[in-house]
Each structure stands twice: as C-alpha cells, then as structure tokens.
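Residue-level structure breakdown
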Amino acid sequence: MSDEAEDRAGSMVRTYVGRNRTGINGFDLALDGGFLPGSTVLLIGSATSGIDQFARQFWEILPEHRRFFMLDGYLLDGMVHARGLSTNEIFAHAGDGGLIIDSLSTLIMREGIDPVLAGVVSCRATIQASRDNALFTLYEGLHAPYNEILLIRLCDVVIQLHEERHGNEIIRTLDVRKLTGLQPPGRLLPFIITGKGIELSTTSRVV
C-alpha cells in the first residue's frame with residue numbers, strides 16, 4: 001500500500017479520535033465512538049440474527065484496508081473466497097490491515113477449536129500494529145460451551161445479537177457482553193434490519 005493510500009485509510013478508519021467506526025448506524029454513539037484500535041471483536045448470534053450483515057457493514061467502511069474471508073455466505077467483490085482455505089492459511093494471509101472471518105464456526109466444525117484459538121492469538125500483533133480491528137462471527141448454540149468461553153476470553157469485545165418472537169413480532173436486541181478497556185452499555189440495545197442493513201432502533205418495545 002502506498003503512503004498516500006495509508007494516510008487515506010488511516011483517516012477513514014479513525015473518524016472518531018482514537019476509535020474505529022463499527023458500521024452500524026447508532027452503535028458508534030452507544031460505544032462513545034466505536035471500537036478501540038487493535039481490538040479483536042467476537043460477534044455471536046444465530047444465522048438469522050444479523051451477524052452476517054454486521055460483519056459486512058463493518059467491512060464496507062474500509063474494504064481496501066480490511067480482508068474479508070468468507071466461508072459461509074455469498075461473495076461480494078473484494079471478499080476472499082475462503083471455503084478451500086485452512087484455518088492456518090486464513091490467518092497467515094490476514095494482511096497488514098483489518099481482518100474479518102465469517103465464520104469461525106465453520107473452521108471449528110471442520111478442524112477443531114485449537115487451530116482457531118491459535119489463529120486468534122496470532123493475529124493480535126498484526127491488528128494492533130495496523131490500528132484496525134479483527135472481527136469474527138460465531139453461531140450460538142453450535143459449539144461446546146467451554147470452547148465458546150475460550151473464544152470469549154481471548155477476544156477484547158464480545159457482542160451477542162438476540163432475536164425473540166412475541167406473537168407476530170420479532171424483537172431484536174444487541175448485547176455488548178464484553179468491552180475491554182471501556183465501559184459497556186448498561187442495557188440491551190434494540191436494533192432493526194432494513195434493506196440497507198442493521199441500525200439501532202430509536203424506539204424500545206414496551207412490555
């Protein structure tokens with residue numbers, strides 16, 4: 001990457017002083033600006049909860065500076081077709097910028113937890129040096145609880161997307177379970193999924 005491109009990438013990543021934008025409308029405000037540079041983010045949810053949209057929106061802020069390894073969904077221009085790559089190959093080719101893997105669940109089911117844990121640890125130095133973030137998706141209820149705990153312990157930020165049915169209504173909430181170095185929001189954050197993606201809801205459901 002040229003010096004000019006690096007300067008442009010750096011200015012785009014850090015819209016808020018010292019923070020990286022999440023890509024989710026309203027969520028940066030809830031996090032006082034976004035993710036801390038150099039942090040690893042674990043995004044947990046069901047296949048229909050919106051974790052794929054979240055990952056894509058984060059990538060689309062700065063696609064030329066973040067490598068998106070797609071294992072589970074449809075490829076968009078600029079993503080890396082990772083279904084034929086091993087865990088070690090994916091983390092070895094993570095690059096010098098941000099990293100997104102959708103999903104860790106596929107790698108765990110295919111190769112076990114150990115290479116995935118090693119990969120998450122190995123990418124930390126690269127992510128911290130780039131001042132960007134690594135974001136991983138994980139399907140809830142699919143893995144042994146202890147393996148999920150190990151990933152939660154290793155990652156700096158843990159976000160869980162919930163969806164519940166109330167009659168004919170679907171209620172979606174975002175839960176920041178872990179936010180190393182910062183004060184997490186003290187409540188569940190309601191969100192909606194629109195044609196443009198995920199955004200925090202300005203209204204809360206009254207029970």
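Residues numbered from 1 in each chain as written. Predicted model: local features only at pLDDT ≥ 70, side-chain atom pairs only at ≥ 80, totals over all residues. Heavy atoms only, no water.

1. Details of the overall build of the protein chain
If you tally the helices and strands in the protein chain, you get eight helices and nine strands. Each of the 207 residues in the protein chain was classed as buried or not, and the buried ones make up 48%. Counted over contacts in the protein chain with a minimum sequence separation of 6, partners at least 24 positions apart contribute 64%. Only carbon and sulfur atoms are counted for the fraction: they give 51% of the accessible area of the protein chain, which is about 10400 Å². (Helix = DSSP H or I, 4+ residues; strand = E, 2+ residues; numbered from the N terminus. Buried < 20%, exposed > 50% of the residue type's maximum accessible area, 1.4 Å probe, protein only. Contact = heavy atoms within 4.5 Å. Areas by Shrake-Rupley, 256 points an atom, 1.4 Å probe, with all protein chains shown as cover.)

2. Comments concerning the sheet that holds strand β9 (residues 197–200)
Taking strand neighbours across the sheet as the criterion, the nine strands line up as β3-β2-β4-β5-β1-β6-β7-β8-β9 in an open arrangement whose pairing is mixed. Each edge of the sheet is formed by a strand with only one pairing partner; in this case those strands are β3 (80–81) and β9. Across five bridges, strand β2 (residues 66–70) lies against strand β4 (residues 98–102) in parallel orientation. Bridging across to β4, R66 finds its partner in G98. Set on the sheet, helix α3 (residues 51–60) makes contact with β1 (40–45), β2, β4, β5 (134–139), β6 (157–166), β7 (169–179), β8 (189–194) and β9; between it and β5 the angle comes to about 170 degrees. Packed on one face of the sheet, helix α5 (residues 104–111) meets β1, β4 and β5 and runs near 65 degrees to β5. (Pairing = 2+ DSSP bridges. Axes fitted to C-alpha atoms, helices over the stretch in contact; angles between N-to-C directions.)

3. Regarding the pattern of salt bridges
Throughout the structure, instances matching the rule amount to five salt bridges. The partner of E60 in a salt bridge is R56, and the shortest N-O contact between them spans 3.6 Å. Taken together, the residues span about one helical turn, with E60 and R56 both in helix α3 at a distance of four residues. On the accessibility criterion, R56 (24% relative accessible area) is partly exposed. The closest approach of N and O atoms between R124 and D156, which form a salt bridge, is 3.1 Å. Within this pair, whereas R124 is found in helix α7 (residues 124–130), its partner D156 is found in the loop between α8 (145–154) and β6, the two being separated by 32 residues in sequence. (Salt bridge = Lys/Arg side-chain N within 4 Å of Asp/Glu carboxyl O.)

4. As for the side chain of S130
Relative to the helices and strands, S130 resides in helix α7. Polar side-chain contacts of S130 include one of 2.9 Å to the backbone oxygen of I127. Dropping the residues within four chain positions of it, S130 is found in contact with H65, D96, G97 and G98. (Polar contact = N/O pair within 3.5 Å; in protein donor to acceptor, adjacent residues only side chain to side chain.)

5. Here we look at the packing of helix α6 (residues 113–122) against α8
Relative orientation of the contacting elements α6 and α8 amounts to 5 degrees, with a least axis distance of 10 Å. With respect to their mutual orientation, α6 and α8 come out roughly parallel. Of the residues in α8, those touching α6 at I113, V116, L117, V120 and V121 are N147, L150, L151 and L154. When grouped by side-chain class, the residues that make up the contact of α6 with α8 number eight nonpolar, one polar and no charged. (Parallel < 35°, antiparallel > 145°, perpendicular 65-115°, else oblique. Nonpolar A, V, L, I, M, F, W, Y, C, P; charged D, E, K, R; others polar.)

6. Some words on the packing of aromatic side chains
Following the criterion strictly, the structure yields four aromatic pairs and no others. We note R66 situated over the ring of F58; from NZ or CZ to the ring centre the distance is 3.8 Å. (Phe/Tyr/Trp six-rings, centres within 6.5 Å; stacked < 30°, edge-to-face > 60°. Lys NZ or Arg CZ within 6 Å of the ring centre and 35° of its normal.)

7. Digging into the pairing of β8
The sheet contact formed by β7 and β8 spans two bridges and is antiparallel. Bridging from a neighbouring strand, T173 pairs with P190 of β8. Here β8 pairs with β9 via four bridges, running antiparallel. In the sheet register, I192 faces β9, and the bridge partner there is E199. Connecting β8 to the next strand, β9, in antiparallel fashion are two residues.

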